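What follows is each chain in one-letter form.
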Amino acid sequence: MAATKAVPTPSQEITFLPYNRSLIGQEEINAVTEVLRSGWLTTGSRTREFEMAFARYIGAENTVALNSCTAALHLALAAVGIRDGDEVILPTMTFAASGEVIFYLGARPVLVDCLPNSFQLDPEQVERKITSRTRAILPVHFAGAPCDMDSICDLAKRHNLKVIEDAAHALPTRYKGKVVGTLSDITCFSFYATKTLTTGEGGMVATENPEYAEKIRRLSLHGISKDAWKRYSAEGSWRYDILDVGYKYNMTDLQAALGLVQLAKCDAMLARRAYIASCYDRLLGSLDGFTTLPLPADIEHAWHLYIVQVSREALSINRDRVIEELKNRGIGTSVHFIPLHLHPSIKRNSDTARGIFPNAEERFSRAISLPIYAAMSEADISRVMDALADIERKFHS
Ligand SMILES: *Cc1c(COP(=O)(O)O)cnc(C)c1O
């Protein structure tokens, strides 16, 4: 057997700054170890505790923990009754998950463009796309900044539509003083590895409506009767009824234990990301090769993403080349997102085509997401800033 490898010392560490790295400390390791030792690994008391702590944190009435935000979005749409032939309106500027769940239910995603000079969906375009088949609007709080929820909720009210929020980026985010998770019918959060709180993989729905929560809980565990998860515990019984055709979307206690520790750090991690954003903002004020887009007033940003737009006028190289140059300097980046309407699976299944969403294409073609996460050191932040300044110097046109 190979000898156990020692933890690398700083000098042995790779010099590449990854785009993202989770902040996992001894507390997380202890919490997961405790679950391992307990003998109960799957959905149980830790999961319930995490649901309750999360509900308190965002001020939601009902929460259900699931194994991903994709599962949360799927079950949220199912809970409000989305089915064959229905239409759901969502932004093209989002991740695969927000669109695919609509197809799962036999419904049709109807895409809309971003507002000019913004990554957020344009409520006026939403209104124009409403038909007799429209059942729901699925806004995405891109990067961690909230959408124009007043306009979206007003449209939903006037046209009798449901609102399911994709809040994968929005933990925690505030809109006009109100916490995202308390604004509409159902809100879906992600605890994927790169998100602002991680359980490795995981998700949560938050809703004011106990019936939606009940339905989502049931569907998340094979559609079987209440408290099915207790079936092997002292309180449980072997007897169960399958009430709906369900799914296997439950969260495990291993994930929940991780989530509980991460939740306690959520504000501190946000403060760190906000600090990193302020460092980047300050630098960008002195560069003209990279810009950021204006943010709406009266919001609190989760800073899940920090996106710069590469200036075509000020730089002699394009976005793709800037990413290469950053990589050459040991900086990992990402791009959020390739708009849905440019992907083969969406093009094949809906009537969208290149060029119809000019704002989203413009945003995408210039976007680079910089590293922004709580585990970044001062030196890491400086490295990113130095690299950007150096690229601007070398490639200024
Ligand atoms: C990450 C992400 C999701 C999916 O989250 P999972 O927990 O990985 O299923 C959905 N929507 C957006 C906008 C995301 O960024």
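From a predicted model like this one, the values you see are computed outputs, not experimental measurements.

1. A few points about the site of the ligand
As a matter of local geometry, the ligand sits amid 16 residues, with Thr70, Asp166, His169, Ser190 and Lys195 nearest to it. Between the ligand and Asp166 there is a distance of 2.7 Å, counted from a nitrogen atom to a side-chain nitrogen or oxygen. For the ligand, whose accessible area on its own is 390 Å², the fraction buried by protein is 93%. Judged by its atoms lying within 2 Å of the grid points, the ligand is housed in the largest pocket. Those elements that place two or more of their residues in the shell around the ligand are helix H3 (69–79) and helix H4 (96–104).

2. Some remarks on the environment of Val384
When you line up the elements, Val384 lands in helix H13 (residues 378–395). For Val384, a relative accessible area of 0% puts it in the buried group. Sequence separation of Val384 and Arg158 is 226 residues, and the distance between their C-alpha atoms is 46 Å. With near-sequence residues (within four places) excluded, Val384 lies in contact with Leu17, Tyr280, Ile331, Leu370, Pro371 and Met376.

3. Here's the deal with the sheet that holds strand S12 (residues 306–310)
The strands making up a sheet associate through hydrogen bonds between their backbones, and the pairing can be parallel or antiparallel. One open sheet accounts for three strands, arranged S10-S12-S13; its pairing is antiparallel. Of all strands in the sheet, those bounded by a partner on one side alone are strand S10 (290–291) and strand S13 (367–370). As defined by bridge partners, S10 adjoins S12 across two bridges and the pair is classed as antiparallel. The residue of S12 that forms the bridge with Thr291 is Gln309.

4. Topic: the sheet that holds strand S2 (residues 87–91)
The mixed open sheet is built from seven strands, whose spatial order is S1-S9-S8-S5-S4-S2-S3. Sheet topology places strand S1 (62–66) and strand S3 (108–112) at the edges, where each strand pairs with a single neighbour. Neighbour to neighbour, the strand axes of the sheet diverge by 25° on average, direction disregarded. In terms of strand pairing, strand S4 (residues 134–137) meets strand S5 (residues 162–166) through two bridges, oriented parallel. The residue of S5 that forms the bridge with Ala136 is Lys162. Those strands touched by helix H7 (residues 210–220) are S1, S5, strand S8 (186–190) and strand S9 (203–207), and its axis lies near 15° from that of S1.

5. Section: the nonpolar core
Leu66, Leu77, Ile186 and Cys188 are the most contacted members of the largest nonpolar core, which totals 50 residues. Taken together, the elements giving at least two residues each to this core come down to S1, H3, S2, H4, S8, H7 and helix H12 (358–366). Residues within four places of Ile186 in sequence aside, it is in contact with Ala76, Ala79, Val80, Val163, Ile164, Glu165, Val205, Ala206, Thr207, Tyr212 and Ile216. If you look at the next biggest cluster of nonpolar residues, it comprises 36 residues, including Val112, Ala170, Met204 and Leu263.

6. Comments concerning the side chain of Glu51
Relative to the elements of secondary structure, Glu51 occurs in helix H2 (residues 45–58). Take Glu51: its relative accessible area is 3%, and that puts it in the buried class. Each residue touching Glu51, except ones within four places of it in the same chain, is listed here: Thr63, Val64, Ala65, Met204 and Arg217.

7. Points about the layout of surface pockets
Approximately 620 Å³ is the volume attributed to the largest pocket. Of all the secondary-structure elements, those providing two or more residues to the lining of the largest pocket are H3, H4 and helix H9 (266–284). When the residues that make up the lining of the largest pocket are grouped by side-chain class, the tally is 20 nonpolar, 16 polar and six charged. Its volume calculated, the second largest pocket comes out at about 450 Å³. Residue lining of the second largest pocket: 27 residues in total, with Gln120, Ala145, Pro294, Leu295 and Pro296 positioned closest to the centre. Residue composition of the lining of the second largest pocket, grouped by class: 18 nonpolar, five polar and four charged.

8. Some thoughts on helix H10 (residues 319–328)
Buried residues of H10: Arg319, Val322, Ile323, Glu325 and Leu326, and no others. One side of H10 carries all its buried residues, which in axial view fall inside an arc of 160°. Buried residues along H10 sit in contact with S10, S12, H12, S13 and H13. A side-chain oxygen of the first residue of H10 lies 3.2 Å from the backbone nitrogen of Asp320; this N-cap is Asn318. Just beyond H10, the residue with positive phi is Gly330, at close to 80°.

9. Structural notes on the pattern of salt bridges
Inspection of every chain in the model, using the stated rule, returns 22 salt bridges. In this structure, Glu49 engages Arg46 in a salt bridge whose closest nitrogen and oxygen atoms are separated by 3.1 Å. Within this pair, Glu49 and its partner Arg46 are both found in helix H2, separated by three residues, close to a single helical turn. On the basis of relative accessible area, Arg46 is assigned to the partly exposed category, the value being 22%. Arg174 is paired through a salt bridge with Glu300; the nearest N and O atoms lie 3.6 Å apart.

The rules behind these values
- Residues numbered from 1 in each chain as written.
- Predicted model: local features only at pLDDT ≥ 70, side-chain atom pairs only at ≥ 80, totals over all residues.
- Heavy atoms only, no water.
- Near = heavy atom within 4 Å.
- Polar contact = N/O pair within 3.5 Å; in protein donor to acceptor, adjacent residues only side chain to side chain.
- Areas by Shrake-Rupley, 256 points an atom, 1.4 Å probe, with all protein chains shown as cover.
- 1 Å grid on protein atoms, 1.4 Å probe; cavity = no way out; pocket = protein on both sides within 12 Å on 5 of 7 lines; lining within 4 Å.
- Sits in = over half its atoms within 2 Å of the grid points.
- Helix = DSSP H or I, 4+ residues; strand = E, 2+ residues; numbered from the N terminus.
- Buried < 20%, exposed > 50% of the residue type's maximum accessible area, 1.4 Å probe, protein only.
- Contact = heavy atoms within 4.5 Å.
- Pairing = 2+ DSSP bridges.
- Axes fitted to C-alpha atoms, helices over the stretch in contact; angles between N-to-C directions.
- Core = buried A, V, L, I, M, F, W, Y, C linked by side-chain atoms within 4.5 Å.
- Points joined across faces, edges and corners; volume = space filled by probe spheres on them.
- Nonpolar A, V, L, I, M, F, W, Y, C, P; charged D, E, K, R; others polar.
- Arc of directions from axis to C-beta.
- Salt bridge = Lys/Arg side-chain N within 4 Å of Asp/Glu carboxyl O.

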